[in-house]
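The residues making up each chain are set out below.
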Amino acid sequence: MDLNSVFAEYREHTWYFVRPGGNWGDYLIYEGAEWLADSLCLNWKTIEMTSFQGLEEVPENTCIYIHGSGGYNSWCSGTPFSIFGKACRLNARVVVQGPCTLSEERSYLEQRFNSTTAARKCDRAIFFTRELVSLGIAQSLASSSLDGVEIEIDHDTAFLLKNSEKLTEMVGDHQESPIDLWVVRTDSEKRREPNAPSFAYLKLDPAEDCSSFSHWTRVHTRANRVFTNRLHSAIYAYLIGKEVVVYPGAYHKVHSVWKYSMEAQGVLWGPSEFNAPKLAAMVPSKLYQSYKVRKFLRQRFFD
């Protein structure tokens, strides 16, 4: 079973699509699932988290789709747990958790799912993971906190955009820069290394620094090559044909998705140490001292 077959099975029903929140890179997940829904002529609409959490019931034969994420862990907000639990307690025809990643904190996950999926009212619940590690974790919970929930696996929905018109629209006609882009995660999921490298102006985290999703896509589109430990920076770069090297994140997510969906496509896995070059090493020192030069190089991505 894959997401396409589930959508097709319930094509005649109304769907609520719930976005669990996140950064600009997560919008690539939303775009992929929504593209699939449109391609199947699904009757769907986005419902915001706050509105969704306030629902006491849904119209008869309504289906609920929760976009995938990497939020099933102890260090993020916990929103995916509460949304999935809320959806399961509604009178929905089917609740579908889109392809996602689970942390390896089995006891924590069991506790959270026990508290969120109690008193389930939906007719059917399907939980998609997006790689094999999370699949194994979810299956290990199937006899306890995820009892009665169908555990499946499918690729991250961002990959659905490959060769689509929607992806072409995202790329647009932006001119490519000769500068390589090093996307380094800076939030709570950043690598915690005692000897973290010192970065200069080539260190960017578009998921945090950009002002919109279109800005996020533009930053990546203009790059020559992309080196990153941000999952969706890697996926987008791959989708638009960039040379990309993927590096480890703080836990298994990045490597697991790369292994399941990208390795066979020729996307390279980088060494464990993520050492982005300093700009000073790439530009003559006298030029590097120039404010105008530094401003120009940075604006190649962030105008």
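Preceding this paragraph is the structure being described.
Residues numbered from 1 in each chain as written. Predicted model: local features only at pLDDT ≥ 70, side-chain atom pairs only at ≥ 80, totals over all residues. Heavy atoms only, no water.

Student: Before we go on, may I ask you to explain the overall build of the protein in this structure?
Tutor: A count of helical and extended segments in the protein gives 13 helices and 11 strands. Per-residue burial over the protein gives 54% buried out of 303 residues. Contacts in the protein between residues far apart in sequence, at least 24 positions, make up 77% of those at least 6 positions apart. Accessible surface, the protein as shown: approximately 13,500 Å² in total, 47% of it carbon and sulfur. (Helix = DSSP H or I, 4+ residues; strand = E, 2+ residues; numbered from the N terminus. Buried < 20%, exposed > 50% of the residue type's maximum accessible area, 1.4 Å probe, protein only. Contact = heavy atoms within 4.5 Å. Areas by Shrake-Rupley, 256 points an atom, 1.4 Å probe, with all protein chains shown as cover.)

Student: Please clarify how the pairing of strand β2 (residues 43-47) should be interpreted in this entry.
Tutor: In summary, the side chains of a regular strand alternate between the two faces of the sheet. As judged from the 5 bridges shared by strand β1 (residues 14-18) and β2, these two strands associate in the parallel manner. Note that in β2 the partner of Val18 across the bridge is Ile47. For the handedness criterion, the β-α-β arrangement of β1, helix α2 (residues 27-39) and β2 is classed as right-handed. (Pairing = 2+ DSSP bridges. Right-handed = clockwise from strand over helix to strand, strands pointing away.)

Student: Which parts of the structure should I look at to understand the nonpolar core?
Tutor: In globular proteins that are soluble, nonpolar side chains generally tend to be buried together. Counting residues in each nonpolar core, the largest one holds 32 residues, and the members touching the most others are Phe52, Ile64, Phe84, Val95, Phe113 and Phe127. Counting residues per element, the ones that place at least two in this core are β1, β3 (62-66), α4 (79-88), β4 (94-100), α5 (106-116), β5 (125-129), α6 (132-140) and β6 (150-153). Considering every element that reaches this core, the biggest residue donor is α4, with 5 residues. For Val95, the contacting residues outside a window of four places in its chain are Ile64, Ile66, Phe84, Ala87, Cys88, Cys122, Arg124, Ala125 and Ile126. By size, the runner-up hydrophobic cluster in this structure holds 30 residues, among which are Leu181, Leu231, Ile235 and Ala237. (Core = buried A, V, L, I, M, F, W, Y, C linked by side-chain atoms within 4.5 Å.)

Student: When you look at the side chain of Glu131 in this model, what are you seeing that I'm missing?
Tutor: Checked against the element boundaries, Glu131 lands in the loop between β5 and α6. Arg130 provides the closest opposite charge to the buried, salt-bridge-free Glu131, at an N-O distance of 5.1 Å. Reaching out from Glu131, the side chain makes a polar contact with the side chain of Ser134 at a distance of 2.5 Å. (Lys, Arg positive; Asp, Glu negative; His and termini not counted. Salt bridge = Lys/Arg side-chain N within 4 Å of Asp/Glu carboxyl O. Polar contact = N/O pair within 3.5 Å; in protein donor to acceptor, adjacent residues only side chain to side chain.)

Student: For this particular structure, what's the right way to read the packing of aromatic side chains?
Tutor: Aromatic ring pairs: the centre-centre distance and the angle between the two ring planes describe each pair. Under the defined criterion, the tally for this structure stands at 25 aromatic pairs. A centroid spacing of 5.7 Å and a plane angle of 35° characterise the contact between Phe7 and Phe17, whose relative ring orientation is tilted. Of the two residues, Phe7 sits in helix α1 (residues 3-9) while Phe17 sits in strand β1, which places them 10 residues apart along the sequence. Each member of the pair Phe7 and Phe17 is classed as buried. Between Phe84 and Phe127, the ring centres sit 5.4 Å apart and the planes meet at 85°, which makes this aromatic pair edge-to-face. Residue Phe84 is located in helix α4, and its partner Phe127 is located in strand β5; the two are separated by 43 residues in the primary sequence. In terms of burial, Phe84 and Phe127 fall into one category: buried. The rings of Phe7, Tyr10, Trp15, Phe17, Trp44 and Tyr65 are connected pair by pair, giving a single aromatic cluster. (Phe/Tyr/Trp six-rings, centres within 6.5 Å; stacked < 30°, edge-to-face > 60°.)

Student: I would appreciate a short explanation of the packing of helix α9 (residues 213-221) against helix α10 (residues 231-239) in the present structure.
Tutor: Two numbers describe a pair of packed helices, the interaxial angle and the distance between the axes. At a minimum axis separation of 10 Å, α9 and α10 run at an interaxial angle of 60°. Like other packed secondary-structure pairs, α9 and α10 cross with a definite hand, here right-handed. Here Trp216, Thr217, His220 and Thr221 of α9 come into contact with α10, specifically with His232, Ser233 and Tyr236. Its residues assigned to classes, the contact of α9 with α10 comprises 2 nonpolar, 5 polar and no charged. (Axes fitted to C-alpha atoms, helices over the stretch in contact; angles between N-to-C directions. Left-handed = near helix turned anticlockwise from the far one by under 90°. Nonpolar A, V, L, I, M, F, W, Y, C, P; charged D, E, K, R; others polar.)

Student: Teacher, can you tell me more about the environment of Val246 here?
Tutor: Here Val246 shows up in strand β10 (residues 243-246). Overall, Val246 belongs to the buried group, its relative accessible area being 1%. As a C-alpha pair, Val246 and Pro271 span 25 residues in sequence and 8.8 Å in three-dimensional space.

Student: What is the right way to read the side chain of Ser256 from this model?
Tutor: Among the structural elements, Ser256 can be located in helix α11 (residues 253-262). Residues in contact with Ser256, not counting those within four places in the same chain, are Glu131 and Val133.

Student: Would you explain the sheet that holds β2 in this entry?
Tutor: Adjacent strands of a sheet pair through backbone hydrogen bonds, lying either parallel or antiparallel. Spatially, the 6 strands line up as an open sheet ordered β2-β1-β3-β4-β5-β6, and their pairing is parallel. Both outer strands of the open sheet, β2 and β6, are each paired with one neighbouring strand and no more. The sheet shows a mean angle of 20° between the axes of neighbouring strands, taken without regard to direction. Of the pairings in the sheet, the one linking β3 to β4 comprises 4 bridges and is parallel in character.

Student: Explanation requested: the pattern of salt bridges in the structure shown.
Tutor: Side chains that differ in charge, positive against negative, can pair when their charged atoms come close. Overall, the coordinates contain 13 salt bridges when judged by the stated rule. A salt bridge links Glu34 to Arg19; the nearest nitrogen and oxygen atoms lie 3.0 Å apart. In this pair, Glu34 sits in helix α2 while Arg19 sits in the loop between β1 and α2, placing the two residues 15 residues apart along the sequence. One salt bridge in this structure joins Glu110 and Arg106, with 3.2 Å as the shortest N-O distance. Linking Glu110 with Arg106, this pair stays in helix α5, spanning 4 residues, or about one helical turn. Exposure remark for Glu110: the relative accessible area of 22% places this residue in the partly exposed category. Through salt bridges that share partners, Arg185, Asp187, Asp205, Glu208 and Arg230 make up one connected network.

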